[in-house]
Structures are given as C-alpha cells and as structure tokens.
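One-letter residues, chain by chain:
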Amino acid sequence: MSETHEASVVRENLWMKALRTAGVPLLSVVLAMIIGSIIIKASGMDPLLAWGALLKGAFGSPDKWAAGNFREFGDTIGRATPLAFAGLALAFGFRANLFNIGANGQLLLGSITAAWLGLVLAGLPGVLSIPMILIGSALAGAAWAFIPAILKAKVGAHEVITTMMFSWIGLYLTSWIIAAPLKDAAGNSQTPMLAQSVWLPTFDKILPGLFRTPVNAHLGFVIAVVLAVVVWWVLKRTTLGYGVRAVGFNQWAAQNGGISIAKTTVYALCISGALAGLAGASEVLGTNHRMFDEVSAGSGFGFTGIAVALLAKSHPVAVVFSALLFGALSAGAGMMQLTANVSDRIIMIVQALIIFFVGAETVITWFIKRRQKRALEEKGATDVA
Amino acid sequence: MPILELRDITKIFPGVRANDGVSLRLERGEIVALLGENGAGKSTLMNVVYGLMAPDGGEVFVDGAQVHIKTPRDAIALGIGMVHQHFMLVQTLTVTENIILGHEPSRFGVIDLVSARSKVSDLSTRYGLKVDPDERVADLSVGMQQRVEILKALFQGARILILDEPTAVLTPQEVRELFGVVRSLVAEGLSVVLITHKLDEVMGVADRVVVMRDGRVVGETTPAETDQVGLARMMVGRDVVLSVDKAPSKPGETVLEVRDLAVLDDRRLEALRCISLVVRAGEVVGIAGVDGNGQRELVEAIVGLRKPTSGSISLRGKDITHAAPHATIHAGVSHVPEDRQRRGLVLEFDLAENLVLGDQSDAPYASAGIMHGRVIDETARERIADYDVRTPSIRVLAGNLSGGNQQKLVLAREMGRDPDLLVAAQPTRGLDVGAIEFVHRRILAERDSGKAILLVSMELDEIMSLSDRILVMYEGRVAAELSSEEADAERIGYFMTGGSNKDGAPLQKPATTVAEGGAS
C-alpha cells in the first residue's frame, strides 16, 4: 500500500482516537452538570445564575482581564497545580495496572521534605535550592512508595492495601513531625514559614507585564505541564514506558516478551510516588510556603488525584485539563455560594457525578455501540433491498 | 417430512452477517455434517436452533410445524439437545446427578435418585454408551464426560442432537468410539447435526454434508459424491493443498537438550517427571498427547516462564535451566504461545509495538532506554509484508485483527528474530484452512533453513504431517518416540492414552531420548 494512504488512515485513526478518548469524559461532565442543575432547581435556586457565578469565580470577567487582574483564573490554576501532579501520579500507576490509592501519603512525605529542606536551604539562591528541594521531595515520595512496591513485586501484596496503610502512617508521621521537631514557634499544626528565596514565583512575579495584580498561580503549574509532556514521552518512547504499558495491558504477554513484571511494578509505583511527592512540594513551595498538619487541614489532594486521573483516562496530557476542570470547580464554588446562594456542596456532588459517569463508561459505550449496530442493520437491510 | 427445517435464518452481529439466509433440512435418522471454517456461522446457526441466540430473520420448523425457540428450555421441550464444545458438567457430582440437574424427578418434594439412576442406566445400555451412573464426573476421562453430556440430552428427551465440534478434545480412539455411539443413536431413530471443520470426520460418519462459508450455505453434498479435496474447495472457496510436501530432514547438531526435567504445575503437582528430549537443527520434533499431560509445562519451562524443580535445559550447550524469558530470548529461543491473545500479543498495542515485543530494549530497536520508532516501524512493515498480515496500517491495534492475522503477527515476530529454536504451541489453533496451510509452510521453511523446531499440538494430523520425530506425552513423561514413517494415528493414540512401550510397541530410540524411569 502507498505511504500516503497509510498516513491518511493513521491520521483518521488519531482523530477517531482523540474523539473516542475525550468523548466519554466530556459527556460525563455535561451529564453531571445537567443533574447538578436539576438538584439546584429542585432546591429552589436558579441553575443558570449558579453556573454563571461559578464561571465568574473560576475565571473572572473580561473587564478584570482588561485591567490585568487574573485573580480568579490564577486561583483556578493554583488549585489545579497539586491536582495535576497527583493526577499524573495516579495516571502513571494506572498505566501499569497499579492503583496507587495511597498517593496522599507519598504527597505528605513530599510536603514534609520540602518544608524541612526549605528551612535548611534557606541561605542558598532559589535557582539552586528549589531544584534540590523538588528532587528531595520526589525522592521522599518515591521512597514512601518503594516499600509497597517491593511487597507487591516480591510477595504479591496488593498495592491498594499497602499504599493505603502507608498513607495513614505518612499522615500521622508528618503530623508528629509538625507537632514536634518542625514545630512553628508561633503556633501549632504548621511548620515555620519558609524564606522567600525558596518560594516558587507566582505568575505576577514571572510576567509582571501581563499579570498586574497578585495571583495564586505559580511556577509549579508550569512544571506540572512540562512533566505531563515528559511522562507522555516516557510512556510512549522509552523501553521503561513500553514495559509499563505492556504490563498494564497484559502482564502475561509482557512476561512472555521478557519484561520483568516485578521490576516494572517497582519502577512504576516509585515514579508514581515521586510525582505525588512533587505535588506536596509544589503546594509547600508555591502556595502555603509552609506545611499544615494534614490531620486538621485534610486537603486530600492525593485522593482527588484519583478522580483527576480517571477523568483524564490516565492520559498524562489530559490530566492537566482534568486538573484545571477540578481546579475551576473548586475555585468557583465560593462565588457560586455567595452570589447564587447555592451551597458549595453541590460542587462536590457534581465532582462525584463526573467520576460516576466516567466509571459508567462501559454503559455509555454500550449505548453508543447499540446505536451503531442499529444503524448498521438498517444500512444492511437497504443493501439487501 | 423433515424433523427439523430451517428457512432463511439470518443473524447479524455488529459488522458481520453471521448467518445470511441459511436454510437447512434434517431428516429423521440422518447425520448431517455442518462443515465450515471458523467463523463461517455454523455455531451461530445451531445456537439459534437451541435458543441461545435470537435470529434476526427466518423460520424454524420442527416436525413440519413452525416453532419459536426463545430459550434452551423451549428447544429441550421440542426434543432438541445440544452438546457444547466446552462441557457444562459439575465436576463434584456423579453422572446421575449431573444428568438430572435442572430436571430433577421428585417424589413428595424429594429427589427420586433411584428411578433417575435406573433410567440413566437404561439409556446408557440402550445406546451402548457404557457410562457408570454412580461415578463422579471429575474421575471420568474427557471422552466419558462427553458421553455424559449426550446422555443428559437423551434423558431430557432429545430426538435431535446437535454436537458442536465434538472431536476437538478426543483421542483418535475416542473419536472412533464416539462415531460408533452416534451411529447407534441414529439407528434408534435420532437425528444428528455434527458441527465440524474436520474433513475426515465428515467423510467417515455423515450421511449428508452442508458446507457453510461467510454465513451462507455454499453447497450440499454426500460423502459418496465428493472427496476431502472437493470438500476443502467448497469450504474455502479455492483449491487448497491439504497434504504438506516436505523434503526429508537433514538434522544437524543438537540445539535443545532437556535432561531429566521435573516441573510443577499451577496446583504445585508434578506435571513433568524426569523428561528428557533433544531437538536438533533442521528438524521438527512434534509433541503429541491429550491436553494436560505436561505439554504446557514443558513449553513454559523451556522458554523461561516456569521454574523447573530439577533437571536441566540447555541451548547449543549453554545452560538455560533457570533463565528468565528475556534471557531465553537472547539465547535464541522463540516462542509461539498456545494462547496468542493472552501470552502472545498485547491486544491494546498496535502492530508495530507488538512486533517489537521481546526485542524492545535491544539494538537496533532501542538504545539507552529510548526506543527508535522509525526502525521499529520499518521492521514492522517488512515483517507484515513478509508474513502477509492483512491490515491497512501498522498503527492498527492487534485486537482488531482476525485470529489468523493475529497468529501471523506472532509468527512474524518470533521467526523474524531469527532464533535457533522455535517452540510452537498449538500454532494453528482456531485458524481456518487457508491460514493453517500458510503457518505449516512457514514452519517447514524455518526447518529447511536450519532451525530447530519443537511443535506441540493437539491436532494429530498436524503433528504427523510436520514432524520428523514424534514424542507422545502421557502424564508428564515421554510415553514413546516414533519416527514420522512409523507413526500413524492408531499407534500415537495408543500411547496417548497410556499404553506403555513394553507391550510390544516400538521402543524409543536411546540415541536421542534418555529412557525415563517407571514408564510402565
């Protein structure tokens, strides 16, 4: 066959693939918002007003943008950043058929490492200290995933159980560190404020011409986007990524092809842990500039990361968009409550519904297939006639 | 009046017309063979008759009256019984209990086992089935279990019996006995539809042959009017070379040497007991045997998927006893696994990705952990052309290929690696006649180019037509070694069922096989 013909087939397939991949998540979001609207309506409020307020709260308004005020948009990006890292962590695990449900523990280890290294390296210039802290946090996250990974590889202990248990250990370990060795002199439940030298710069510091007022969005988001592309490349173009995908799809064939399931499991879970660790570091260095005790703060980014990765169908680049959607929902919820008097709990319902519908993909694709079949039969019938 | 008549049965699956206006008549006391390749629509048609699938069009008549069969229960009530390829028996129950399952005769709410047992026993004697009603199904051989399935259909009052690929799991002797049973059933007035893709069975037992291709009936004949070549032509739609022409082998040096190998199966029971064998360059060694006599464990041990408990495996003198798959691949072992979809391919990978599996970290496909897409794709295109894999592009996912093309893909990869030893397990399972012909030719071409080939197959014809030497496995041992000249179905079948070599049958050649202890 001619090269051009093959190329056109490939391009068509890519489009089809993109559509197929994105179709169900998009449909899930729309369905979730429709049901959310019904609930808002049923509680006597105006859904359109509510969604309008949400949009405004998540993205701001043109007049503000004209004045260089991107506070709301920055808030969305700021909230999306840890979710993007955590989503990448979960997605990488999913690709190897591993459910790193305890990513939150690895994230906390990343946070505490950043909070500690940030204090230790305060004297260094940011160009040196920040990369060191990030690497340290990634290693800490990876180390926290390493024991469950080894247990899985050697004795087959299921990672859902072990990472979850390590998540609890991590929670109380960091809680203790914050309460004792790394206690903030001024108060409880947090580490001391970090020096500005180790802060991840916010967008208004990086591009003061564009962002003329302070925003929460920081360099961490850029790092997350770059990492998403790197993860995609690793999965697609390296032998490691090939092995991860092969084991994830069909471990029997992978094993027959000389890929070690044990090694691949350890690599994949540790890389997942490293990405989760970076989520913690980015939150400490970019947003809070200290670590809060998760026992009381309960932000649970590692758990939301599960939802982010599911909505993105474990595609690393899609994870960024998925994280932005979750960031926007969370950033806009306050404004929705304020203006439309709709409880921000409705956002949680919408989030849950999105995940529900993504999970119900089999049902949705079944409907699509049935329609295709019917169309085909009708076509077949006319062919005969 | 025909006992069963189908008119214009149509059944549509997404994308295919599995049955397209199929009509079929079955007279009382007749054996009709429904012949066709895999995917021709034979089983679909019979599943419609048995109420397992609803047809999209067409009519069914039993005894001249139109019927609407919606469930197997309807079919049974009309006197239609079906024996599936995979038996549906409860292993822990006795023969009688299995037969009455779902139709338990009862007296005062208590199952009447006594009368059920005597009825089963009567049926068994009447049709010469020779089944002990009190035996546990788990203790029965596959051939006997099949008879239990037949008895079950008779117990339920079947007058029409549908047998779906009944010989796939049987030894040659069991096949002959089954056909004896079928003849006695017909003599008693039953009518039988035999679904098969094996030409010799059709010639041996059928009164009439209906040939299906691509969901349609393409011809009807009787064994007297045609021969195997004629049937194959009808089935495939073109001339097919049934016998494999092969030059005499010129075996060279020893490539694979297995010595005193013992291996456990998944239940940690001994699957291989002290097995020894040799495969030399330029020869095909065939392993015959009833499924489950250690063939799978032998293959897995050689390719590194299963750890031996004792003994040794060497390849060209290099010890690979404890080598993992990636080491055996590097040593020169290629493996065509018996289950291509589970072991052979990653169905979610595209063709190029599948073709590099096993070589993914080696030059020229990768260096320093980075894969070279261009080289991988170029090699993929070459191999796909070389092995005639029908696909619009190398970007198509392996799962979207037909079974035959999937198998060609596996062969393209495993042979394209230029191995010293090819271990091929069930290389033609589920393939149609045309694809089988292709696979056989390629295997012999590899042999002629000096490769050592270990062929494991349940298909005796395949073993006999391809092998230069045949080892028959029984209960984890080599029960006999036969040269291709001295091997015939009878003799192989004798050893497959545990006949020992001390009973006057040919002995193994001591030069190539170390005699194993306690074979008798």
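Rules used throughout
Residues numbered from 1 in each chain as written. Chains lettered and ligands numbered in written order. Predicted model: local features only at pLDDT ≥ 70, side-chain atom pairs only at ≥ 80, totals over all residues. Helix = DSSP H or I, 4+ residues; strand = E, 2+ residues; numbered from the N terminus. Rg over C-alpha atoms; globule rule 2.2 N^0.38 Å. Buried ≥ 20, exposed ≤ 12 C-beta atoms within 10 Å, placed from the backbone. Contact = placed C-beta atoms within 7 Å. Core = buried A, V, L, I, M, F, W, Y, C linked by C-beta atoms within 7 Å. Axes fitted to C-alpha atoms, helices over the stretch in contact; angles between N-to-C directions. Parallel < 35°, antiparallel > 145°, perpendicular 65-115°, else oblique. Nonpolar A, V, L, I, M, F, W, Y, C, P; charged D, E, K, R; others polar. Left-handed = near helix turned anticlockwise from the far one by under 90°. Domains from an automatic or database assignment. pLDDT = per-residue confidence, 0-100. Pairing = 2+ DSSP bridges. Expected span 1.5 Å × (residues − 1). Arc of directions from axis to C-beta.

(A) Just the overall build of chain B, in detail. Across its full length, chain B carries 17 helices and 24 strands. Relative to its length of 520 residues, chain B is compact, with a C-alpha radius of gyration of 25 Å against a globular reference of 24 Å. Across its three principal axes, chain B shows a C-alpha extent of roughly 70 × 55 × 45 Å. Every one of the 520 residues in chain B was classed for burial, and the buried ones make up 48%. Contacts spanning at least 24 positions in sequence make up 67% of the contacts within chain B whose residues lie at least 6 apart.

(B) Spatial organisation of the nonpolar core. Counting 263 residues, the largest nonpolar core has A86 and V319 of chain A together with V49 and V472 of chain B as the members making the most contacts within it. Here this core takes 14 residues from helix α15 (residues 316–340) of chain A, the largest share from any one element.

(C) Focus on the packing of helix α9 (residues 219–237) of chain A against helix α10 (residues 239–249) of chain A. Residue and element names in this part refer to chain A. One can describe the packing of α9 onto α10 by two numbers: an axis separation of 5 Å at closest approach and a directional angle of 80 degrees. Judged by the angle between their axes, α9 and α10 are roughly perpendicular. Each of V234, L235, K236 and R237 in α9 lies in contact with α10, whose residues at this interface are L240, G241, V244 and R245. Its residues assigned to classes, the contact of α9 with α10 comprises 4 nonpolar, 1 polar and 3 charged.

(D) Representation of the interface of chain B and chain A in the model. Contact residues are listed per partner, giving 30 residues for chain B and 25 residues for chain A. Looking at the side of chain B that touches chain A, the elements that each hand over two or more residues are α10 (325–331), α11 (340–344) and β20 (370–371) of chain B. Partitioned by chemical class, the residues of the side of chain B that touches chain A number 15 nonpolar, 10 polar and 5 charged.

(E) Local environment of unusual backbone geometry. Residues and elements named next belong to chain B. Each neighbour pair has its own omega, and for A363 with P364 the value is 0 degrees, a cis peptide bond. Within the secondary structure layout, P364 lies in the loop between α12 (351–355) and β19 (366–367). Of note, the phi angle at R268 is positive, near 65 degrees, even though the residue is not glycine. Here R268 lies in the loop between β13 (254–264) and β14 (270–280). R268 sits in the exposed class, given 8 other C-beta atoms within 10 Å. For C274, which is not glycine, the phi torsion reads 55 degrees and is therefore positive. Residue position: C274 is located in strand β14.

(F) Representation of the packing of helix α2 (residues 47–59) of chain A against α15 of chain A in the model. All names here are of chain A. Two elements in contact, α2 and α15, have axes whose closest approach is 7 Å; the angle formed by their N-to-C orientations is 125 degrees. What the angle tells us is that α2 and α15 run oblique. Here the hand of the crossing between α2 and α15 comes out right-handed. Every residue of α15 that contacts α2 at L49, A50, A53, L54, L55, K56, G57 and A58 is listed here: A328, A331, G332, A333, G334, M335, M336, T339 and A340. Across the contact of α2 with α15, the residue classes break down as 12 nonpolar, 4 polar and 1 charged.

(G) How the structure looks around the domain arrangement of chain B. All names here are of chain B. Taken as a whole, chain B is organised into domain 1 (4–236), domain 2 (243–332 + 419–520) and domain 3 (347–415). Here the C-alpha centre of domain 2 lies 34 Å away from the C-alpha centre of domain 1. If you look at the interface, domain 1 gives 9 residues, while domain 2 gives 12 residues. Elements with a contribution of two residues or more to the side of domain 1 that touches domain 2: α6 (172–187) and α8 (228–236). Of the residues contributing to the side of domain 1 that touches domain 2, the split by class is 5 nonpolar, 3 polar and 1 charged.

(H) Layout of the confidence of the model for chain B. Residue and element names in this part refer to chain B. For chain B, the average pLDDT comes to 88, and 95% of its residues sit at 70 or higher. Taken together, the stretch residues 502–520 has pLDDT below 50 and engages in 35 contacts with residues farther than four places along the chain or on a different chain. Overall fold confidence for the complex sits at a pTM of 0.77, while the interface term, ipTM, reaches 0.83.

(I) Local environment of helix α17 (residues 489–496) of chain B. Residues and elements named next belong to chain B. For α17, the full list of buried residues reads I492, G493, Y494, F495 and M496. The elements touched by buried residues of α17 are α6, β15 (284–288), α16 (460–466), β23 (469–474) and β24 (477–483). Of the residues one or two after α17, G498 is the one with positive phi, at around 100 degrees.

(J) Fine view of the sheet that holds strand β12 (residues 216–221) of chain B. Residues and elements named next belong to chain B. With mixed pairing, the 6 strands of this open sheet are ordered in space as β6-β9-β10-β3-β11-β12. Edge positions in the sheet fall to β6 (80–83) and β12, since each of these pairs with one other strand and no more. The average angle at which neighbouring strand axes cross in this sheet is 20 degrees, direction not considered. Packing of α8 onto the sheet brings it into contact with β3 (31–35), β11 (208–213) and β12, and relative to β11 it is tilted by some 35 degrees.

(K) Broad picture of helix α13 (residues 373–386) of chain B. Residues and elements named next belong to chain B. With 14 residues, α13 should reach 20 Å at 1.5 Å per residue; the first-to-last C-alpha distance of 20 Å fits that figure. Among the residues making up α13, those that are buried are I376, T379, A380, R383 and I384. An end-on view of α13 places all buried positions within 135 degrees of arc, on one side of the element. Opposite its buried face, α13 presents the exposed residues R374 and A385, each directed more than 90 degrees away. For α13, the secondary structure elements touched by its buried residues are α12, β20 and α14 (403–416). Once α13 finishes, D388 follows within two positions and takes phi at roughly 55 degrees, a positive value.

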